[in-house]
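Each chain, written out:
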Amino acid sequence: MTAEVLVRLEGIVKDYPKIATGSARLRTLAALLFRRSEMPHFRALDSVSLEVRRGESVGLVGENGAGKSTLLKVIAGVVQPTAGRVRIDARVGALLELGSGFHPDYTGRENIFLAAALMGLSRRDTLQRVDSIVEFADIGPHIDEPIKHYSSGMVVRLGFAVATALKPELLITDEVLAVGDESFQKKCIRWIEGFLQDGGTLLLCSHSMYHIQTLCRRAVWVHHGTVRMEGDSFDVTQAYLTYHEEKNAPREAERRRPQGTLPRIVRTWTEDASGAPSASFRIGEALLLQGTIYEPDDRPPVVLFGVVRADGTAVYGSHSNESGYEPSRNAAREFSFAVRFDPLQLLPGKYRLRTHVLDAEGLRLFDTVEIEVVVRGETRDYGVVALPHRWLPGRALAPQEAPLPERNA
């Protein structure tokens, strides 16, 4: 049985008037007064169509300015489209600009009642939920201080706590998980996971491919106001990461152009087993770390790599001379190296691969480059790495093998 469609967008167009200069303001004013169609404008969304069904979790990815936030605001009813049809059949909870509706002179507790009233909750309903909201926000005695004395992180905590108290059918979030400290982010993720398990529907906009892959089954790539790709979250995010790898490669190579009299890493990148550039890998697949190095003395340098989890936990590191490895000579003063992890045994998560270049003796470190990769996969294992192991039939301990009882001193 097909799930009910909660969101249906058909050919959505959104134009914003351009009023950067005085003459543009006059042309815009004239177009509004005389209902002319030639108003100077910027097209934020262009013929976007989208469906979201009950129980789905959909991620939005794209560069800054691509139109993601505008699209979410159209769905939330905050912005009216210039053209197209919007149909929303759900109670919507929008976490777009957390705390933007708070009154700076009111205390956090007073703002809870104000925000809840704007969301349609009665005072009785708010009184029943205020304790859980305060507990979730976890800002201590600051809850009874004016909002204008809050840090941005405290405002975000309170905003998320208030917004999630409604238990909406459709939750819309825009970069919520990018703010706040790590413990708050984990709390938000746990809440969202529980929300999805209870049958909720999620629209998540994020620059974190890890969050998109972890929380969303489907993803939509918005590019210059249009839908460039839609499908499985892993497929879409991998295509999006590859796009950025290819886009930034010439710029990175130019920025790190060999110069000076010190060894320097020109570029590092990662590839999958087929040799295609990628920043997303499945556990058990092959990962290739590649790089080129400028060495002004034209001597093979020592290369050191390290694997670090996103939270800073060191996972593993090694250097080339430990294995008797020498980087390959490409040309005068240019060397290349490759490290293959096969099978990749990192557990799902986001990691940073650090590459360091040392002199030929391995004594002095000259340059460091760091790139991010995402490891995906379905597993219930814990920790950072999957250690090869197998379960065996157990056996009873023979009497002579039994440990001796401890002797009293």
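To be clear, the structure that these remarks concern was listed above.
No experiment lies behind these values; they were computed from the predicted model shown.

Undergrad: Just to check I follow, could you spell out the sheet that holds strand 13 (residues 302-309) for this structure?
TA: Adjacent strands of a sheet form backbone hydrogen bonds with each other and so pair up, either parallel or antiparallel. The mixed open sheet is built from five strands, whose spatial order is 11-18-17-13-14. At either end of the open sheet lies a strand with only one pairing partner, and these are strand 11 (280-282) and strand 14 (314-319). Strand after strand, the sheet turns through a mean of 25° between neighbouring axes, direction not considered. Here three bridges tie strand 11 to strand 18 (residues 365-376), and the two strands are oriented parallel to one another. Counterpart to Phe 281 in the pairing with strand 18 is Val 375.

Undergrad: Help me understand unusual backbone geometry in this model?
TA: Both trends apply: most residues other than glycine have a negative phi, and most peptide bonds are in trans. Residue Pro 343 is reached from Asp 342 by a cis peptide bond, and omega for that bond is 0°. Position of Pro 343 relative to the elements: it lies in the loop between strand 16 (334-341) and strand 17 (349-358). Positioned with a positive phi, Asp 138 is a non-glycine residue whose angle comes to about 55°. One non-glycine residue, His 224, adopts positive backbone phi at about 55°. Position of His 224 among the secondary structure elements: in the loop between strand 8 (218-223) and strand 9 (226-232). We classify His 224 as exposed; its relative accessible area is 63%.

Undergrad: Hey, could you run me through helix 6 (residues 182-197) in this one?
TA: Residues lying three or four places apart along an α-helix face the same way, a consequence of the helix completing one turn every 3.6 residues. Between its first and last C-alpha atoms helix 6 spans 23 Å; for 16 residues at 1.5 Å apiece the expected length is 22 Å, and the two agree. Within helix 6, burial applies to Phe 184, Lys 187, Cys 188, Ile 189, Trp 191, Ile 192 and Phe 195. Following helix 6 by one or two positions, Gly 199 has its phi on the positive side, about 95°.

Undergrad: What is the right way to look at the pattern of salt bridges in this model?
TA: Any two side chains of opposite charge can pair, so long as their charged atoms come close to each other. The tally for this structure, following the rule as stated, stands at 18 salt bridges. In this structure, Arg 53 engages Glu 51 in a salt bridge whose closest nitrogen and oxygen atoms are separated by 3.5 Å. Connected through salt bridges with shared partners, the residues Glu 4, Arg 54 and Glu 169 form a single ionic network.

Undergrad: What am I meant to see in the sheet that holds strand 10 (residues 264-271) here?
TA: The strand order across the open sheet built from four strands is 10-12-16-15, with neighbouring strands paired in antiparallel fashion. Where the open sheet ends on each side, the last strands, each with one partner, are strand 10 and strand 15 (328-331). Taken pair by pair, the neighbouring strands of this sheet meet at an average axis angle of 25°, ignoring direction. Bridge count for strand 15 against strand 16 is three bridges, and the pairing is antiparallel. Each bridged residue has a counterpart across the sheet, and for Ala 331 the counterpart in strand 16 is Glu 334.

Undergrad: Sorry if this is basic, but what is going on with helix 5 (residues 152-164) here?
TA: Here helix 5 is 13 residues long and its end C-alpha atoms lie 18 Å apart, about the 18 Å a rise of 1.5 Å per residue gives. In terms of residue burial, helix 5 counts as a mostly covered element, since eleven of its 13 residues are buried. Summarising the contacts, the buried residues of helix 5 are in contact with strand 5 (92-95), helix 3 (108-118), helix 4 (123-137) and helix 6.

Undergrad: Would you take a moment to explain the pairing of strand 18 for this structure?
TA: A regular strand carries its side chains on alternate faces of the sheet. In the sheet, strand 17 pairs with strand 18 via ten bridges, with the strands oriented antiparallel. Residue pairing in the sheet places Leu 358 in a bridge with Leu 365 of strand 18. The antiparallel pairing of strand 17 with strand 18 creates a hairpin that spans six residues between the two strands, and Gly 362 there sits at a positive phi of about 75°.

Undergrad: I keep staring at the side chain of Lys 14 and nothing clicks. Help me out?
TA: With respect to the helices and strands, Lys 14 occurs in strand 1 (residues 5-17). It is Asp 15 that comes nearest to the buried, bridge-free Lys 14 among opposite-charge side chains, at 8.2 Å. Those residues in contact with Lys 14 that lie beyond four places of it in its chain are Phe 42, Arg 43, Ala 44, Leu 45, Thr 70, Val 79, Gln 80, Pro 81 and Thr 82.

Undergrad: Hey, could you run me through the packing of aromatic side chains in this one?
TA: Any aromatic ring pair is given by two values, namely how distant the centres are and how the planes are angled relative to each other. Applying the stated rule across the entire model yields seven aromatic pairs. Arranged with centres 6.1 Å apart and planes meeting at 85°, the rings of Phe 160 and Trp 191 form a pair that is edge-to-face. With Phe 160 in helix 5 and Trp 191 in helix 6, this pair connects stretches of sequence that are 31 residues apart. By the burial criterion, Phe 160 is buried, and Trp 191 matches it. Among the aromatic residues, ring-to-ring pairing joins Phe 136, Phe 160, Trp 191 and Phe 195 into one connected group. Above the face of the Tyr 16 ring, Lys 14 is positioned so that its terminal group lies 5.1 Å from the ring centre. The side chain of Arg 123 reaches across the aromatic face of Phe 113, ending 4.7 Å from its centre.

Undergrad: Where do I start with the side chain of Ser 278 in this structure?
TA: The topology assignment puts Ser 278 in the loop between strand 10 and strand 11. Within polar-contact distance, the side chain of Ser 278 engages the backbone oxygen of Ser 280 at 2.9 Å. Filtering out sequence-adjacent residues up to four positions away, Ser 278 remains in contact with Gln 238, Thr 242, Thr 270, Glu 271 and Asp 272.

Undergrad: When you look at the environment of Ala 137 in this model, what are you seeing that I'm missing?
TA: With respect to the helices and strands, the residue Ala 137 is situated in helix 4. Linking Ala 137 and Ala 161, residues 24 residues apart in sequence, is a C-alpha distance of 5.5 Å. Ignoring any residue separated from it by four or fewer positions in sequence, one finds Ala 137 in contact with Arg 157, Leu 158 and Ala 161.

About the criteria used
- For every chain, the first residue of its written sequence is number 1, and the numbers climb from 1 along that sequence.
- The predicted origin of the model limits local features to residues at a pLDDT of at least 70 and limits the giving and counting of side-chain atom pairs to 80 or more, whereas totals for whole chains, interfaces and linings rest on all residues.
- With hydrogens and water stripped out, all remaining heavy atoms of the structure feed into the side-chain values.
- Strand pairing requires that DSSP identify at least two bridges connecting the strands.
- Every helix listed is a DSSP run of H or I at least four residues long, and every strand listed is a run of E at least two residues long, numbered separately from the N terminus.
- Helix axes are fitted to C-alpha atoms over the stretch in contact, other axes to C-alpha atoms as well, and angles between N-to-C directions run from 0 to 180 degrees.
- Burial classes follow relative accessibility: with a 1.4 Å probe on protein chains only, a residue under 20% of its type's maximum area counts as buried, one over 50% as exposed, and anything between as partly exposed.
- In this scheme, a helix's expected span is set at 1.5 Å multiplied by one less than its residue total.
- Between Lys or Arg on one side and Asp or Glu on the other, a salt bridge is scored when a side-chain nitrogen of the former is within 4 Å of a carboxyl oxygen of the latter.
- When checking whether two residues touch, look at their non-hydrogen atoms; a contact exists if any pair is within 4.5 Å.
- For the purpose of charge, His is not counted, nor are the chain termini; Lys and Arg are scored as positive and Asp and Glu as negative.
- Note on ring pairs: Phe, Tyr and Trp rings are taken, using the six-membered ring of Trp, and paired if centres are within 6.5 Å. Classes follow the plane angle, with under 30 degrees stacked, over 60 edge-to-face and the rest tilted.
- Both a distance and an angle decide whether a charge sits over a ring: NZ of Lys or CZ of Arg must be within 6 Å of the ring centre and within 35 degrees of the ring normal.
- Identification of polar contacts relies on pairs of N or O atoms within 3.5 Å, with a donor-acceptor requirement for protein atoms, meaning one able to donate a hydrogen and the other able to accept it, and with residues adjacent in sequence counted only if both atoms are side-chain atoms.

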